[in-house]
Amino acid sequence: MIEILRLSLPITVWLTGFSAVYALQGLSCSRHWPADLEARPVLLAAWAIAIVLQLIALIAVLYAPSPARFVQTTATALASTALVAALWTIMPVLAASACL
């Protein structure tokens, strides 16, 4: 069971971070967002938290290796890919305006 978690955790963390950041962006464009709270710092903080969680997932895979070589290689590749995906797919929050 730990091997399945090792393989699925990095992608799950990416999916959760991606969904959370873009949900915050959608919420910031709605009428439910507090008028006195600026959205950009909140979105940047959410992006940073998502990246840090991805790094923690990658470090966990690297420093607690699996006895099965295939699982370790695959988990490392998935964690690295999830980190790059988090950087790339959430990056528009940094450059684009919050509400178009």
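Residues numbered from 1 in each chain as written. Predicted model: local features only at pLDDT ≥ 70, side-chain atom pairs only at ≥ 80, totals over all residues. Heavy atoms only, no water.

A. Spotlight on the overall build of the protein chain. Secondary structure assignment for the protein chain yields four helices and zero strands. Along the protein chain, from the amino end to the carboxyl end, the secondary structure elements read α-α-α-α. Expected size for 100 residues packed as a compact globule is a radius of gyration near 13 Å; at 16 Å, the protein chain overshoots this value by more than 25%. In terms of overall dimensions, the protein chain has C-alpha extents of about 55 × 25 × 20 Å along its principal axes. The burial tally for the protein chain puts 27% of its 100 residues in the buried class. (Helix = DSSP H or I, 4+ residues; strand = E, 2+ residues; numbered from the N terminus. Rg over C-alpha atoms; globule rule 2.2 N^0.38 Å. Buried < 20%, exposed > 50% of the residue type's maximum accessible area, 1.4 Å probe, protein only.)

B. Main features of the environment of Trp 14. Tracing the backbone through its elements, the reader meets Trp 14 in helix H1 (residues 2-28). Taking the C-alpha atoms as reference, Trp 14 lies 5.9 Å from Ala 82; in sequence the two are 68 residues apart. Apart from residues lying up to four places away in sequence, Trp 14 is in contact with Gln 54, Ala 82, Ala 85, Ala 86 and Thr 89. A distance of 3.2 Å separates the side chain of Trp 14 from the side chain of Thr 89, its partner in a polar contact. (Contact = heavy atoms within 4.5 Å. Polar contact = N/O pair within 3.5 Å; in protein donor to acceptor, adjacent residues only side chain to side chain.)

C. Representation of the nonpolar core in the model. The biggest cluster of nonpolar side chains holds 16 residues, and the ones touching the most others in it are Val 21, Ile 51, Ile 90 and Val 93. Tallying contributions element by element places helix H2 (residues 39-63) first for this core, with eight residues. Residues in contact with Ile 51, not counting those within four places in the same chain, are Leu 83, Ala 86 and Leu 87. (Core = buried A, V, L, I, M, F, W, Y, C linked by side-chain atoms within 4.5 Å.)

D. Local environment of H1. The terminal C-alpha atoms of H1 lie 38 Å apart, and with 27 residues this matches the ideal 39 Å at 1.5 Å per residue to within 8%. Regarding H1, the residues found buried are Arg 6, Pro 10, Gly 17, Val 21, Gln 25 and Ser 28. Next to the buried residues of H1 lie H2, helix H3 (69-90) and helix H4 (92-95). (Expected span 1.5 Å × (residues − 1).)

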